[in-house]
Amino acid sequence: MRRIREGWWRLRSLGSRRDVERRLDEEMRFHLDQQIEKNRRAGLSEVEARREAMRTFGGVESAKERTRDEFRSLVLEDSWRDFRYGLRSLRRAPAFTLVSVLTLGLGIGATTGIFSIVNGILIKPLPYADADRLVDLRHLAPGATLPDKNVDMSATQFYTYREQGQTFTDIGLWTSSNAVVTGDGEAEQVQVVAVSDGTLQALAVPPVLGRWFSADDLDPKAPDSLLVTHGFWQLRFGGDPGVVGRLVTVDGTPRRVIGVMPASFRFLDLAPGLIAPLRFDRSALMLGRFNYDGIARLKPGVTIAQANADIARMIPAWLRGWPPPPGVDPKIFESAGFAADLRPLKQLVVGNVGSVLWTLMAAIAVVLAIACANVANLLAVRAEDRQQELAIRAALGGGRARISRGLMIESLTLGLLGGALGLAIAAVGVEMLVAAGPSNLPRLRDIAIDFRVLGFAVAISIASGFAFGLLPILRLDISHAAAELRGIGRTQTQHRGRRRVRSSLVIAQVALASVLLVASGLLIRSFVAMTRVDPGFANPGTGQLFTIGMPASLVASDEQVFRIQTDIRDRIAAVPGVASASFANAVPLQGASANDLLLVEGQQPPPGQVPPIRRFRFIAPGYLRTLGTPLVAGQDFSWTDMEAGRPMAIVSEKLAREMWGSTAAAIGKRIRENEASPWRDVIGVVADVYDDGVSRPAPASVYWPVMMDDFWRSPVHVLRYVTFLVRSDRAGSDGLTDDLRAAVRAVNGGLLMMQTRTLAELHDRSMAGPSFTLVMLALAAAMALTLSIVGIYGVLAHVVAQRTAEIGIRVALGAPRTDVRRMVLRDGLVLAVAGTALGLAAAVPFARWMASLLFGIGPLDPVTYAGVAIVLIAAALIASYVPAYRATAVSPVEALRAR
């Protein structure tokens, strides 16, 4: 303990400026006193002797400065000499250097790679000026029974906040959709972002050609216009600088290009090709219709809390200033209790991936700690082998500080070499990640090895070198240099002390590996639980999807839209290999959910109270059968009833139990969407569908026919954008896609199939987030387990080598070789059990921290903890077997000669 304490203070003194100054003051005082005494002996008085001494020195401070310069020069020269000596020393031990650099490279590379993801997604600001002032506008409505927590913006709120707000410089609305571009070149599907006045101004990214939308462009009666993004401009127009003023046909409507956005422009995390104006007829606006995302730029110095308070002030004015929809009590909106819930815009872009990334960062940091412990063990072994070298250096006049500095520079050099390799590994890994483009990672284009990541890599390389370089320095003892040179310095006590330190490091490695194995085991169990959940549809691998849009500019009549859709369905059903086909506004996991008011006959809420808001889905007959969602009670829609205009609906099991207590009781009940609509008979109940992924509860849903009379003030309600679902064993093949495209063109050659994919792709994408986390954490756990096995093997192998003579004597005296093997295996088992016990205890708080990532199991799942203990102990026995076998292979004669 005393040597460790002395080593620590020696290490501190290497860089202690205060200590250097103190020693320099003592040195100057000594020489000044010597000169004064010399002058006094020459017959000068005390005052004259001091004055003459000061003159000789030329001033104490100037003398100190000259000494400092010499000292600095000497330190730099010595450090450079130590660096070159360290490189030669590492070159003379290639096996040690290679293993150490590879170990550090893996740990630092994994840590740097994850940090580059964290940096690109969470740390980097959004690519807008003063991005910290951009906010996402949302509301809470605690008085409404909403499927989701937040409520989006409405056009009436936008006008109220823009005209009466005091905390925003700009405010706007936006929404995104897909459209078909025709005209010059082939027809193609592009993403379109529609923006109101103030949206692009809030982002503060002006076009490189042309202009933003003006007030005239936003007038519903004005000619249609649009902005194109840089990528669309290059691909569609070849970068023609004369593109401004040209026409682009979007969904059958010619639109004039008024500007081109710069190459660096990104609309949040979307990649639109076109930006269109979002137009409102202000005279026709009413309360409700919360269909838009809102964005605003705060005034300088304004906080989100102040902006929330400003919106709270305007909400009563919004409620009073706009009429409610026909048949809707305005008190419903008041009882919803609207409250502002502004968040940084970056939070909208990033979503909830932050907790996942910080969990992975913590896990990879554990791997790096295990790697450092492994290298520290290697250095400790190497330090034992270098005792005579260090003794010679001490005998030649090398002090403890000088030798410690040399050892630390060697460790830092090793850390930087590992960091260089790690940076190369991280660069390759990041490039592969960006190329793969996982859909669950936002801001993928911002992930790169930049100066911040480079600085992080250098910092952890130096920190790692410092961390694993401490052990040899803290245990440095050159007080027995002479004994070492005579070959008597390595006592059994010293061996036991060093062995305890290395064993402690191995126990720490096993403990840290236990934590990661528990975390990855819990995620594996969660993933298995997810795969066992029935998503509410069958055989996703045989479901083919595509979307078709028919805007009014392309097909004017609502009845004609429905007729074209049914003709396409009939054509598809006749394609060879197609078992069934139907269509709906969206399929499960497509991310196109719609929620609205639901009134139940006999269960009217009290006056002014918000009716329940539930998930709506519009489906054609045969859709449920094609999807593979079973009917629990009642019947499906029929083409005859739908074309006859029969008012009917189907509900999910969850909604049936919620409203009427059982599925059977729901049949014959009546529901409607608002007070002015006719009652519609519930004719069937279907199984619940996990529309938002199996990790989220299945929503209580209502299924309406795709064509209805008098739905939300529309005499005839049809869907102009529908997703066709085709059930076929050929799903996902090019041949089926070509046949489906031919069937669509046979009905109408101007229609384009969009978003062609399989149901399995949607299902896999819904599992992408858990899959990514599971894979990354499993890799970290595998690295930790491997490094721990290497650590156990290294310690036991060195122990066997040190005890060769002892083992030879045991065997010579008749000890069974099985006892010797059992002795070595016992040593490895003790290390594993101790590390596992500590690790399982430490894993409990870590598992509780990552509880939000689990599904179907708790953070204290006994199967996982028991499995981890078995795996670690089995791995320890495997790692101990080779040293145990070598111990029994020792020849007694050779062992005694080695002694």
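Structure: see above.
What counts, and where the lines are drawn
- Residues numbered from 1 in each chain as written.
- Predicted model: local features only at pLDDT ≥ 70, side-chain atom pairs only at ≥ 80, totals over all residues.
- Heavy atoms only, no water.
- Helix = DSSP H or I, 4+ residues; strand = E, 2+ residues; numbered from the N terminus.
- Buried < 20%, exposed > 50% of the residue type's maximum accessible area, 1.4 Å probe, protein only.
- Contact = heavy atoms within 4.5 Å.
- Areas by Shrake-Rupley, 256 points an atom, 1.4 Å probe, with all protein chains shown as cover.
- Axes fitted to C-alpha atoms, helices over the stretch in contact; angles between N-to-C directions.
- Parallel < 35°, antiparallel > 145°, perpendicular 65-115°, else oblique.
- Left-handed = near helix turned anticlockwise from the far one by under 90°.
- Nonpolar A, V, L, I, M, F, W, Y, C, P; charged D, E, K, R; others polar.
- Salt bridge = Lys/Arg side-chain N within 4 Å of Asp/Glu carboxyl O.
- Polar contact = N/O pair within 3.5 Å; in protein donor to acceptor, adjacent residues only side chain to side chain.
- Pairing = 2+ DSSP bridges.

### Points about the overall build of the chain
Each helix and strand in the chain was counted, giving 29 helices and 27 strands. Going through the 899 residues of the chain one by one, you find that 50% of them count as buried. In the chain, the share of contacts with a sequence separation of at least 24, taken over all contacts with a separation of at least 6, comes to 81%. Of the roughly 40,300 Å² that the chain leaves accessible, carbon and sulfur atoms contribute 58%.

### Structural notes on the packing of helix H6 (residues 155–164) against helix H9 (residues 304–321)
Where H6 contacts H9, the two axes come as close as 10 Å, and the packing angle between them is 120 degrees. Between H6 and H9, the angle falls in the class oblique. In the crossing of H6 with H9, the sense of the turn from one axis to the other is right-handed. Residues Thr-156, Gln-157, Thr-160, Tyr-161 and Gln-164 of H6 pack against Ile-311, Arg-313, Met-314, Ile-315, Ala-317 and Trp-318 of H9. Along the lines of polarity and charge, the residues of the contact of H6 with H9 split into 6 nonpolar, 4 polar and 1 charged.

### Quick word on the pattern of salt bridges
With the rule as written, the count across this model stands at 29 salt bridges. Two residues, Asp-739 and Arg-730, come together in a salt bridge whose shortest N-O distance is 2.8 Å. For Asp-739, a relative accessible area of 31% corresponds to the partly exposed category. Here Arg-730 falls in the partly exposed class, since its relative accessible area comes to 27%. One connected set of salt bridges, linked through shared partners, spans Asp-136, Arg-138, Asp-152, Asp-293 and Arg-343.

### Concerning the packing of helix H18 (residues 558–573) against helix H23 (residues 734–747)
Where H18 contacts H23, the axes come no closer than 9 Å and their chain directions differ by 140 degrees. Here H18 lies oblique to H23, going by the angle between them. For the element pair H18 and H23, the recorded crossing hand is right-handed. Residues Ile-564, Asp-567, Ile-568, Arg-571 and Ile-572 of H18 pack against Leu-740, Ala-743, Val-744, Ala-746 and Val-747 of H23. Of the residues that constitute the contact of H18 with H23, the class distribution is 8 nonpolar, no polar and 2 charged.

### A look at H6
Burial analysis of H6 places 7 of its 10 residues in the buried class, the great majority of the element. Where H6 is buried, its residues touch strand E2 (139–140), strand E4 (168–182) and H9.

### A closer look at the side chain of Asp-861
Its location among the elements puts Asp-861 in the loop between helix H27 (817–849) and helix H28 (862–888). A distance of 2.9 Å separates a polar atom in the side chain of Asp-861 from a polar atom in the side chain of Arg-525.

### Structural notes on the pairing of strand E22 (residues 680–686)
Most of E22 sits inside the fold, with 6 of its 7 residues counted as buried. Examined bridge by bridge, strand E19 (residues 631–634) and E22 share 3 bridges and lie antiparallel to one another. Residue pairing in the sheet places Leu-631 in a bridge with Val-686 of E22. As paired strands, strand E20 (residues 648–652) and E22 are joined by 5 bridges and run parallel to one another. Looking at the pairing, Ser-652 lines up with Val-686 of E22.

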